[in-house]
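Architecture at a glance
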Amino acid sequence: MKSFLNVQDLGDLGRALAEAQEIKRDRYKFEQLGRNKTLLMVFFNNSLRTRLSTQKAALNLGMNVIVLDVNAGAWKLETERGVIMDGDKSEHLLEAIPVMGSYCDVIGIRSFAGLTDRAYDYAETVFNQFVQYSGRPVFAMETATVHPLQAFADLITIEEHKKVARPKVVLTWAPHPRSLPQAVPNSFAQWMNAADVDFVITQPEGYELDPAFVQGARVEYDQMKAFEGADFIYAKNWSCPGVTSPEDYGKILHDYHTMMHWTVDAEHMSWTNNAHFMHCLPVRRNMIVTDDVIEAPTSLVIPEAANREISATVVLKRILESLK
Ligand code: CP
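I will try to describe carefully the structure that is included in this document. (Residues numbered from 1 in each chain as written. Predicted model: local features only at pLDDT ≥ 70, side-chain atom pairs only at ≥ 80, totals over all residues. Heavy atoms only, no water.)

A look at the sheet that holds strand β12 (residues 276-278)
Taken in spatial order, the five strands line up as β10-β9-β8-β11-β12 in an open sheet, and their pairing is parallel. Here the strands that pair on one side only, and so sit at the sheet edges, are β10 (218-219) and β12. Inspection of the sheet shows strand β9 (residues 198-202) paired to β10 by two bridges, in the parallel sense. The residue bridging Val 200 from the neighbouring strand is Arg 218, located in β10. (Pairing = 2+ DSSP bridges. Helix = DSSP H or I, 4+ residues; strand = E, 2+ residues; numbered from the N terminus.)

As structure tokens, then:
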């Protein structure tokens, strides 16, 4: 596997899930695979889970790890070609990338959407520059439009906790005071569409996700109807994806104070089939989800985060195997 951005990059999902359980039984089974190999993790944005779980995954596989926080100690990087660099950015990504590639064998990138230029974000411009110019396998640690390590961990978690062969999984929009990217819901939709689940998306009008990710999923604007009979509720905020109104890309369409009826609380969960609650974290309590729901025994937010180590180990293992 030379790059990891989409569910298709992993091939057969059943095989990937079996591999996840194999690694879970013995996290160090493949610790020779990464000997004398170096992972470089490049962060353009903050992280807790991705940073720790991906580093742990690399250590499981015997790799060396180096981490670059672009906004803390590195030169400020220009990412667009053609810009006259007379501002505060001292180095261009097009020189920085091959330099970074010369110090490592595998590169992980965290680079969020800017949420101002939809075409630039949805072309995955920064990620694809790393693919093109680094000469190394590159994987997404949440890019402009996707967060596949999270979605893979989410799927592992659903497989581990489902009580019926084909559970109903609902992705619900929830309010937030700041504009957030669509990467998590995009990937969640993509991965749920590829998995054997009954997948429903619910959101207020105007927040329609890109059709490339929604594919054939049912979209239900009535949150209560969507929640009926659900086995898993996956909550997440996202800003306007600009599908029905391109001029609103990246915006919050309504004052969040008027949208608090979308917050997942005990009443919302009572509409479900005693569903598990899921969220990728970090989460704003009593905005996305109430204290009682996130603290309930049915909440999976901690096992879900723990499975990030497993999803990252599978992905890095596949990449290391392709280096042989
Ligand atoms: N879920 C997730 O990616 O968490 P971090 O932003 O803390 O890495």
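Still more to cover.
What about the layout of surface pockets?
Taken as a whole, the largest pocket spans an internal volume of roughly 680 Å³. The wall of the largest pocket is formed by 27 residues, among which Arg 110, Phe 112, Glu 142, Leu 180 and Pro 282 lie closest to the centre. Only α2 (49-60) and α7 (183-194) provide two or more residues apiece to the lining of the largest pocket. Along the lines of polarity and charge, the residues of the lining of the largest pocket split into eleven nonpolar, nine polar and seven charged. A volume near 450 Å³ is recorded for the second largest pocket. (1 Å grid on protein atoms, 1.4 Å probe; cavity = no way out; pocket = protein on both sides within 12 Å on 5 of 7 lines; lining within 4 Å. Points joined across faces, edges and corners; volume = space filled by probe spheres on them. Nonpolar A, V, L, I, M, F, W, Y, C, P; charged D, E, K, R; others polar.)

Brief notes about α7
Between its terminal C-alpha atoms α7 stretches 17 Å, which fits the 16 Å expected from twelve residues at 1.5 Å a residue. Burial analysis of α7 places ten of its twelve residues in the buried class, which makes it a mostly covered element. Within α7, burial applies to Ala 183, Val 184, Pro 185, Asn 186, Ser 187, Phe 188, Ala 189, Gln 190, Trp 191 and Met 192. (Expected span 1.5 Å × (residues − 1). Buried < 20%, exposed > 50% of the residue type's maximum accessible area, 1.4 Å probe, protein only.)

Notes on the packing of helix α6 (residues 148-161) against helix α12 (residues 301-323)
Relative orientation of the contacting elements α6 and α12 amounts to 115°, with a least axis distance of 8 Å. Here the hand of the crossing between α6 and α12 comes out right-handed. Between α6, through Leu 149, Gln 150, Phe 152, Ala 153, Asp 154, Ile 156, Thr 157, Glu 160 and His 161, and α12, the contact on the second element is made entirely by Pro 303, Glu 304, Asn 307, Arg 308, Ile 310, Ser 311, Ala 312, Val 314 and Val 315. For the contact of α6 with α12, the residue count by class is nine nonpolar, five polar and four charged. (Axes fitted to C-alpha atoms, helices over the stretch in contact; angles between N-to-C directions. Left-handed = near helix turned anticlockwise from the far one by under 90°. Contact = heavy atoms within 4.5 Å.)

Some words on the pairing of strand β2 (residues 38-43)
Counting buried positions over the six residues of β2 gives six, a clear majority of the element. Both faces of β2 are covered, namely the face carrying Thr 38, Leu 40 and Val 42 and the face carrying Leu 39, Met 41 and Phe 43. Where β2 meets strand β3 (residues 64-69), six bridges bridge the pair, whose relative direction is parallel. The partner of Phe 43 across the bridge, within β3, is Asp 69.

Here we look at the site of the ligand
Lining the immediate surroundings of the ligand are Ser 47, Leu 48, Arg 49, Thr 50, Arg 110, His 147, Gln 150, Cys 280, Leu 281 and Arg 308. Taking Arg 110, its side chain carries an N or O atom lying 2.8 Å from an oxygen atom of the ligand. In the environment of the ligand, a nitrogen atom lies 3.0 Å from a nitrogen or oxygen atom belonging to the side chain of Gln 150. In isolation the ligand exposes 250 Å². Once the protein is present, 93% of that is buried. Taken atom by atom, the bulk of the ligand overlaps the largest pocket. Split into classes, the residues belonging to the shell around the ligand amount to three nonpolar, four polar and three charged. (Near = heavy atom within 4 Å. Polar contact = N/O pair within 3.5 Å; in protein donor to acceptor, adjacent residues only side chain to side chain. Areas by Shrake-Rupley, 256 points an atom, 1.4 Å probe, with all protein chains shown as cover. Sits in = over half its atoms within 2 Å of the grid points.)

Thoughts on a nonpolar patch on the surface
A cluster of nonpolar side chains, contributed by Ile 66, Val 99 and Tyr 103, occupies part of the molecular surface with about 280 Å² of accessible area. Of note, Ile 66 is situated in strand β3. In this structure Ile 66 comes out as partly exposed when scored by relative accessible area, which is 36%. (Patch = residues over 30% accessible without salt bridge, like charges linked within 9 Å, V, L, I, M, F, W, Y side chains within 5 Å. Salt bridge = Lys/Arg side-chain N within 4 Å of Asp/Glu carboxyl O.)

With respect to the packing of aromatic side chains
For the structure shown, the criterion picks out nine aromatic pairs. Taking 6.2 Å as the distance between ring centres and 75° as the angle between the ring planes, the aromatic pair formed by Tyr 122 and Tyr 249 counts as edge-to-face. In this pair, Tyr 122 is assigned in helix α4 (residues 118-122) and Tyr 249 in the loop between β11 (232-236) and α10 (266-270), connecting sequence segments 127 residues apart. Look at Tyr 122 and you get buried, because its relative accessible area is 19%. In this structure Tyr 249 comes out as buried when scored by relative accessible area, which is 5%. Taken together, a centroid distance of 4.8 Å and an interplanar angle of 35° make the contact between Trp 173 and Tyr 207 tilted. Of the two residues, Trp 173 sits in strand β8 (residues 168-173) while Tyr 207 sits in the loop between β9 and α8 (211-214), which places them 34 residues apart along the sequence. Note on accessibility: Trp 173 and Tyr 207 belong to one class, buried. Aromatic ring contacts, followed pair by pair, group Phe 4, Phe 152 and Trp 191 into a single cluster. One residue, Arg 51, lies across the ring of Phe 43, its end atom 4.5 Å from the ring centre. (Phe/Tyr/Trp six-rings, centres within 6.5 Å; stacked < 30°, edge-to-face > 60°. Lys NZ or Arg CZ within 6 Å of the ring centre and 35° of its normal.)

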